[in-house]
Amino acid sequence: MNQKTSTNIESQIKSILKRLGMPFAVFSIEIKESDNLSVNGQDEVVFLFSANKGIKAEKLSSIISGGELSRLMLAIKYISAKYQNTETLIFDEIDSGISGEAAERVGSALKALAIEKQVICITHLPQIASCAEHHLYINKKIENEQTDVMARYLNEKEKVEAIAQLFSGESISVEGISSAKQLRNQARG
């Protein structure tokens, strides 16, 4: 990776992080050339990050929280999908460590990405689930010491109920249904 490429990637990732509710995020790529060629190549590439204004960017492993990592990974996958022939992106709980406004922003970003690519997202947040066009309900059942996994598409009424269940828990409340309908309407624009 050369400096021009890394600067371009940094700029794109910062732009996406801003849209994901991290306006002061700093993301930089540090490239150190080595004289030795190893199985990992000749360059050492380190990602540096800070989510907060005035905080120095450090190695990801020493500074990033779960919610920050979720959004950074979404930004990285978003950028890399543009340059690869990947038609399908799978996000397994990209919502880890986020809620509220951040979840709404992640849902919107996933929805925008789904215009260009097929996006499969496993989520437990109603803000993200409400942005999906199609919903699959995944159910695990243990029978005779064997786990079976079943998936089925949900109709509109079932989608609202599934989103409401994310609000309400097992017993779906009237308020949960109302909130689910409101989120679905907002997500549709």
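This text follows the structure it describes.
Rules of the game
Residues numbered from 1 in each chain as written. Predicted model: local features only at pLDDT ≥ 70, side-chain atom pairs only at ≥ 80, totals over all residues. Heavy atoms only, no water. Helix = DSSP H or I, 4+ residues; strand = E, 2+ residues; numbered from the N terminus. Polar contact = N/O pair within 3.5 Å; in protein donor to acceptor, adjacent residues only side chain to side chain. Contact = heavy atoms within 4.5 Å. Core = buried A, V, L, I, M, F, W, Y, C linked by side-chain atoms within 4.5 Å. Buried < 20%, exposed > 50% of the residue type's maximum accessible area, 1.4 Å probe, protein only. Patch = residues over 30% accessible without salt bridge, like charges linked within 9 Å, V, L, I, M, F, W, Y side chains within 5 Å. Areas by Shrake-Rupley, 256 points an atom, 1.4 Å probe, with all protein chains shown as cover. Salt bridge = Lys/Arg side-chain N within 4 Å of Asp/Glu carboxyl O. Pairing = 2+ DSSP bridges. Axes fitted to C-alpha atoms, helices over the stretch in contact; angles between N-to-C directions.

(A) Molecular detail of the side chain of glutamine 12. The residue glutamine 12 is located in helix α1 (residues 3-19) in this model. Only 3.0 Å separates the side chain of glutamine 12 from the side chain of tyrosine 83, close enough to count as a polar contact. Not counting residues up to four positions away in its chain, the partners in contact with glutamine 12 are Ile79, Lys82 and Tyr83.

(B) Molecular detail of the nonpolar core. Leu17, Phe49, Leu72, Leu74 and Val106 are the most contacted members of the largest nonpolar core, which has 30 residues in total. Counting only elements with at least two residues in this core, the list comes to α1, β1 (26-38), α3 (66-83), β4 (88-92) and α4 (100-116). The next biggest cluster of nonpolar side chains, apart from the first, holds five residues, and it includes Ala129, Val160, Ile163 and Ala180.

(C) Geometry of a nonpolar patch on the surface. Side chains of Leu136, Ile138, Val149 and Tyr153 sit close together on the surface and give an oily, nonpolar patch of about 440 Å² of accessible area. Within the residue set of the nonpolar patch, elements represented by two or more residues are β6 (136-143) and β7 (146-153). With respect to the element layout, valine 149 can be found in strand β7. Residue classification places valine 149 among the exposed residues on the basis of a relative accessible area of 55%.

(D) A look at the sheet that holds strand β2 (residues 41-50). The antiparallel open sheet is built from three strands, whose spatial order is β1-β2-β3. Bordering the open sheet on either side are β1 and β3 (58-59), each of which pairs with just one other strand. Sheet strands in contact with α1 are β1 and β2, and its direction is about 150° off that of β1.

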